[in-house]
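# Structure assessment
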Amino acid sequence: MLFLSVTMQNKPIHIISFENPFPPDFGGVIDVFYKVKALHNIGFTIYLHCFYENRSEVSAELKAITEAVYLYKKNKNPFFLFSDFPFPVVCRFRPELLANLSKVKAPIFFEGLHTTMMLRKTKLPNPKFLRLHNIESNFYAGMSRNESNYLKKIAYYFASKKYINYEKTLSDFDQVFTLSLYENELAKKITDHVTYVPVFHGNEQVSQLSEFGDFAFYHGDLRLADNKNAAKFLIDVFAEIPDYRLVIASSNGRKMIEKRIEKLPNIQFVVLQNDDQLDELFAKAHLNVMLSFQQSGTKLKVINALFKSRFCLVNTNMVDDPEILKFCQIAETKAEFIAKIKELKDQSYLEAKKREDAFNSVLNDAKNARKIEKFIRYDFE
């Protein structure tokens, strides 16, 4: 499928996304959508190629910032599980992608290793750039450890093993852009052409909020094993702080959470329906509590909480950029979380101006788009 909008052509670039990035409603596609928007705003003409499973519509918002959007249905042939290549990579290849790329002579920007199967199929003269969304071998190993479903645990384990070899693909790119310092250091072991560019997030200013909010807040996709385990951990924490309220919000997982909190009146589950509702919860929260059981750089939910809410209490798996981490409170163990929550729940929030000044440098989408622009080249046959 092809959708076109008309703009003046300037600095053309192909961007290949692992998923249709609108609506930008989970970590990876948030980075993709706001990166496309930021690159468009500094003069790039964008030909966007999206693999998708269910998100087959192209919004007016996406058309407005692209020259063309091509959609490709993922090919989830079960026999691909027996390929030497990771399943998330193999299922994202369509011959028509190569044909569409050849229509416009331009550099190619790959969003994640998932989108790079074509490099195993053909040699492309175009300059090639990669946004590294994860060290996938580590990511899937963590997914396997945290997963309780036995079949998924096995699938994630083998995906992790296949990615160990496939990550050598990093050396195929003119430049690799990582979104965390942790991933930047690991990528440097494979290629010298690595640059850290923080996550694109769409926030333009820090919310000006009162000194106190009403509750502690956790939100996440509770289909993911890591988020499930984080929610369970926090329920255990707040079971020991009965005088302070925790709100858990998600578009899924209601039954699991409500079963665990039925005897804990200070914990509430909220069905998350849209971004406006999430922003309202951020504005009302006094303390955002977040943790992960696997290291994978800076999580986007931390960025949103820092822009839209008050205190952020995290473990070190959630953030690895020291310029961001200094605006967070840190806890690792259950006892440390309990102690920090008791301390922060009665503390005034007064740091909005400091965040605004710091984030204008570190987490500015326009400035980070310029960092990418410096590496994009057009001198090729």
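A brief report on the enclosed structure follows. These numbers were taken from a predicted model, which means no experiment stands behind them. (Residues numbered from 1 in each chain as written. Predicted model: local features only at pLDDT ≥ 70, side-chain atom pairs only at ≥ 80, totals over all residues. Heavy atoms only, no water.)

## Some words on the environment of Lys105
Mapped onto the fold, Lys105 is located in the loop between α4 (95-101) and β5 (108-111). Each C-alpha atom, one on Lys105 and one on Asn126, is 7.6 Å from the other, the two residues being 21 residues apart in sequence. (Helix = DSSP H or I, 4+ residues; strand = E, 2+ residues; numbered from the N terminus.)

## Regarding the environment of Ala249
The residue Ala249 is located in strand β10 (residues 246-250) in this model. Distance from Ala249 to Gly220, taken between C-alpha atoms, is 7.0 Å for residues 29 residues apart in sequence.

## As for the side chain of Asn203
Relative to the assigned elements, Asn203 resides in the loop between β8 (194-196) and β9 (215-219). Using a relative accessible area of 13% as the deciding quantity, one classes Asn203 as buried. (Buried < 20%, exposed > 50% of the residue type's maximum accessible area, 1.4 Å probe, protein only.)

## Some details on the sheet that holds β10
For sheets, the rule is that strands pair by backbone hydrogen bonds, running either parallel or antiparallel. Spatially, β11-β10-β9-β12-β13-β14 is the arrangement adopted by the 6 strands of the open sheet, whose pairing is parallel. Each having just a single partner strand, β11 (267-271) and β14 (329-330) make up the two edges of the open sheet. Both strand β12 (residues 285-290) and strand β13 (residues 311-314) contribute to a ladder of 4 bridges, which runs parallel. Note that in β13 the partner of Met290 across the bridge is Val314. (Pairing = 2+ DSSP bridges.)

## A look at helix α9 (residues 225-238)
Between the first and last C-alpha of α9 there are 20 Å, a value that for 14 residues agrees with the 20 Å anticipated at 1.5 Å per step. With respect to burial, α9 is a largely interior element, 10 of its 14 residues being buried. Listing the buried residues of α9 in full gives Ala225, Asp226, Asn227, Ala230, Ala231, Phe233, Leu234, Ile235, Val237 and Phe238. (Expected span 1.5 Å × (residues − 1).)

## Details of the nonpolar core
Phe217, Tyr218, Phe238, Leu246, Val289 and Ile341 are the most contacted members of the largest nonpolar core, which totals 91 residues. For this core, the element with the most residues is helix α1 (residues 27-41), which contributes 8 residues. Once residues within four sequence positions are removed from consideration, Val289 is found in contact with Phe217, Tyr218, Leu234, Phe238, Leu246, Leu313 and Ile341. Tyr72, Ile108, Phe110 and Met118 belong to the second-largest nonpolar core, a separate cluster that totals 34 residues. (Core = buried A, V, L, I, M, F, W, Y, C linked by side-chain atoms within 4.5 Å. Contact = heavy atoms within 4.5 Å.)

## Points about the packing of aromatic side chains
Summed over the entire model, instances satisfying the criterion amount to 20 aromatic pairs. Measuring from centroid to centroid gives 5.3 Å for Phe139 and Tyr140, while their planes differ by 90°, and the two rings are edge-to-face. Classification of Tyr140 by relative accessible area gives buried; the value is 11%. Aromatic side chains Phe327 and Phe359 sit 5.3 Å apart centroid to centroid with 70° between the ring planes, which places their arrangement in the edge-to-face category. (Phe/Tyr/Trp six-rings, centres within 6.5 Å; stacked < 30°, edge-to-face > 60°.)

## So, the pattern of salt bridges
All chains considered together, the criterion is met by 22 salt bridges. For Glu53, the salt bridge identified is with Lys74, shortest N-O distance 3.4 Å. Of this pair, Glu53 sits in the loop between β3 (45-52) and α2 (60-63) while Lys74 is found in the loop between β4 (68-73) and α3 (87-90), placing the two residues 21 residues apart along the sequence. For Glu53, a relative accessible area of 28% puts it in the partly exposed group. The class for Lys74 is buried, based on a relative accessible area of 12%. (Salt bridge = Lys/Arg side-chain N within 4 Å of Asp/Glu carboxyl O.)

## Focus on helix α16 (residues 365-373)
Buried within α16 we find Asp365, Asn368, Ala369, Ile372 and Glu373. The arc that holds the buried residues of α16, viewed along the axis, is 155°, so those residues lie on one side. Close packing links the buried residues of α16 with α1, β5, β7 (175-178) and α15 (352-362). One side-chain oxygen at the N-terminal end of α16 lies 3.0 Å from the backbone nitrogen of Ala366; it belongs to Asn364. (Arc of directions from axis to C-beta. Polar contact = N/O pair within 3.5 Å; in protein donor to acceptor, adjacent residues only side chain to side chain.)

## Topic: the environment of Ala358
As for its placement among the helices and strands, Ala358 is situated in helix α15. Separated by 34 residues in the primary sequence, Ala358 and Ile324 have C-alpha atoms spaced 8.5 Å apart.

## A few points about a nonpolar patch on the surface
Together, Tyr150, Ile154, Tyr157 and Phe158 line one region of the surface with nonpolar side chains, adding up to about 440 Å² of accessible area. Looking at the secondary structure, you find Tyr157 in helix α7 (residues 150-166). Of the residues examined, Tyr157 reaches a relative accessible area of 41% and is grouped as partly exposed. (Patch = residues over 30% accessible without salt bridge, like charges linked within 9 Å, V, L, I, M, F, W, Y side chains within 5 Å. Areas by Shrake-Rupley, 256 points an atom, 1.4 Å probe, with all protein chains shown as cover.)

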